[in-house]
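Per-entry structural report
One-letter residues, chain by chain:
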Amino acid sequence: MSFCCLHSFDYTVLERRSLITKSWVNCIFNMVAAAYHQAIHFTSCSCLAANEGTRNFLVTSSSGNLKIKPVFRKERCSLRQSVNCMEYSSNSSLCAIKPIFSSLSSTNDSRRTVPESYLILIRHGESMWNEKNLFTGCVDVPLTSKGVEEAIEAGKRIKHLPIDVVYISALIRSQMTAMVALTEHHCKKVPIVVHNETEQAKVWSQIYSEGTEMQSVPVIKAWQLNERMYGELQGFNKLETAERCGKEQVYKWRRSYDAQPPNGESLEMCLRRAVTYFKEQIEPQLSSGKHVMVVAHANSLRSILMYLDKLTAEEVIHLELSTGVPMLYIYRENQFIRRGSPLGSMEAGVYAYTESLALYKQNLLDEVLDEVSL
């Protein structure tokens with residue numbers, strides 16, 4: 001009888017040791033995967049549209065086995081990655097990856113780190129007044145179901161790009177687009193609107209859990225990013241207004257740089273507030289190494305793009321921006337480098353104020369798809 005009890009006890013101990021050993025093995029494989037990532041510079045899928053050259057490898061561990069998967073890219077990537085193993089789970093042993101972007105240059109055999117930041121710009125999805133072809137301006141109109149779908153698609157395009165802070169306008173169509181897009185992001189962080197209107201608002205909306213705060217993305221609301229105020233045109237149908245006031249007059253109100261609609265803003269006036277806010281509030285975030293997403297409107301984004309791309313007044317009035325399509329910039333050494341739109345639909349003109357740019361983007365997408373299919 002005592003022998004049987006001893007045998008049962010030994011078996012239980014061995015079983016526990018086996019479970020502990022298996023847990024340690026999984027942990028070790030995760031650590032090895034992390035080391036591989038640090039050594040070979042993991043490249044996210046967003047790098048496909050921007051770079052060309054050799055290939056990198058994504059290393060994961062699953063069920064105690066290392067897996068190495070080639071990741072194609074378009075050039076020698078200047079992106080460095082740091083791997084952060086956030087948790088070890090018996091169900092999933094894939095390490096959580098936190099990208100850090102930088103360029104490396106060599107001067108006198110010493111290496112100097114130059115930070116790079118991502119800037120993502122998105123025009124809100126289709127609104128209910130976009131659908132009705134009405135002058136919207138600063139009237140607070142929500143998205144249509146199509147607009148929600150566009151926001152979801154935008155989120156899918158940017159889901160692997162790092163985002164540290166989000167800027168939105170004070171209008172609901174901008175806010176809806178940002179929130180819906182962020183539900184698709186791989187980090188699964190919670191977007192939380194920052195309320196700094198009053199001291200009481202700051203206190204009442206404060207997060208006291210450090211762990212919860214780390215799993216949140218601050219969303220900053222700014223009226224300066226609002227759509228251009230169309231004055232007495234707001235609420236009128238654009239075609240009907242053109243018939244009543246003349247096509248040339250309406251075109252001048254809509255597309256000229258300095259003409260004001262009755263009691264409304266010109267593009268120049270919209271630019272003054274939007275670009276001033278961008279320079280004073282958003283650009284310092286990029287300079288500090290943070291990755292920023294801005295969800296705004298056709299004219300406030302036209303204003304910002306005029307500043308980023310150094311467009312003339314004549315060029316900016318012909319700039320068309322599709323609803324719900326992200327535009328990506330790299331900020332490095334006080335310079336903005338346009339990267340077009342992250343891979344999504346095969347639409348050639350998502351960000352094309354010239355035919356050559358549209359063709360360039362289409363050729364770039366074709367090359368990427370050819371390489372990925374190899």
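Residues numbered from 1 in each chain as written. Predicted model: local features only at pLDDT ≥ 70, side-chain atom pairs only at ≥ 80, totals over all residues. Heavy atoms only, no water.

Take the overall build of the protein chain next. A tally of regular secondary structure across the protein chain gives 12 helices and 12 strands. Counting only residues that meet the buried cut, the protein chain has 43% of its 374 residues in that class. Taking the intrachain contacts of the protein chain between residues at least 6 apart in sequence as the baseline, contacts between residues at least 24 apart amount to 68%. When the accessible surface of the protein chain is summed, it comes to about 20300 Å², and 54% of that surface belongs to carbon and sulfur atoms. (Helix = DSSP H or I, 4+ residues; strand = E, 2+ residues; numbered from the N terminus. Buried < 20%, exposed > 50% of the residue type's maximum accessible area, 1.4 Å probe, protein only. Contact = heavy atoms within 4.5 Å. Areas by Shrake-Rupley, 256 points an atom, 1.4 Å probe, with all protein chains shown as cover.)

All right, on to the confidence of the model for the protein chain then. Confidence in the prediction for the protein chain averages 74 pLDDT; 61% of positions are at 70 or higher. Contacts for the low-pLDDT stretch residues 1-17, under 50 throughout, to residues beyond four places or in other chains number zero contacts. (pLDDT = per-residue confidence, 0-100.)

This part is about the pairing of strand β9 (residues 216-221). Sheet topology note: the strand β7 (residues 165-168)/β9 ladder contains three bridges and is parallel. For Tyr167, the partnering residue across the bridge sits in β9 and is Ile220. In this sheet, β9 lies alongside strand β8 (residues 190-194) in parallel orientation, the contact comprising five bridges. Of the residues in β9, the one forming a bridge with Pro191 is Val217. (Pairing = 2+ DSSP bridges.)

Here we come to helix α8 (residues 247-255). Those residues of α8 lying buried are Val250, Trp253 and Arg255. Axial view of α8: buried residues confined to an arc of 165 degrees, hence all on one face. Against the buried residues of α8 lie α7 (238-245) and α10 (298-308). (Arc of directions from axis to C-beta.)

Across all of its chains, the model carries six aromatic pairs by this definition. Judged by centre distance (6.0 Å) and plane angle (65 degrees), the rings of Phe278 and Tyr307 are edge-to-face. With Phe278 in helix α9 (residues 267-287) and Tyr307 in helix α10, this residue pair connects regions lying 29 residues apart in the sequence. When the centroid spacing of 5.9 Å and the interplanar angle of 50 degrees are considered together, the rings of Phe278 and Phe336 count as tilted. Within this pair, whereas Phe278 is found in helix α9, its partner Phe336 is found in strand β12 (residues 335-338), the two being separated by 58 residues in sequence. Given a relative accessible area of 15%, Phe336 falls into the buried group. One residue, Lys238, lies across the ring of Phe135, its end atom 5.8 Å from the ring centre. The ring of Phe236 carries Arg244 above its face, with NZ or CZ at 4.9 Å from the centroid. (Phe/Tyr/Trp six-rings, centres within 6.5 Å; stacked < 30°, edge-to-face > 60°. Lys NZ or Arg CZ within 6 Å of the ring centre and 35° of its normal.)

In this section: the nonpolar core. Leu119, Leu121, Val294 and Leu308 are the most contacted members of the largest nonpolar core, which has 30 residues in total. Only β6 (110-123), β7, α9, β10 (292-296), α10 and β11 (326-332) provide two or more residues apiece to this core. Beyond its immediate sequence surroundings of up to four residues, Val294 is in contact with Leu119, Ile120, Leu121, Ile122, Tyr167, Leu225 and Ile282. One finds Leu182, Val217, Val295 and Leu328 within the second-largest nonpolar core, a separate group that totals 17 residues. (Core = buried A, V, L, I, M, F, W, Y, C linked by side-chain atoms within 4.5 Å.)

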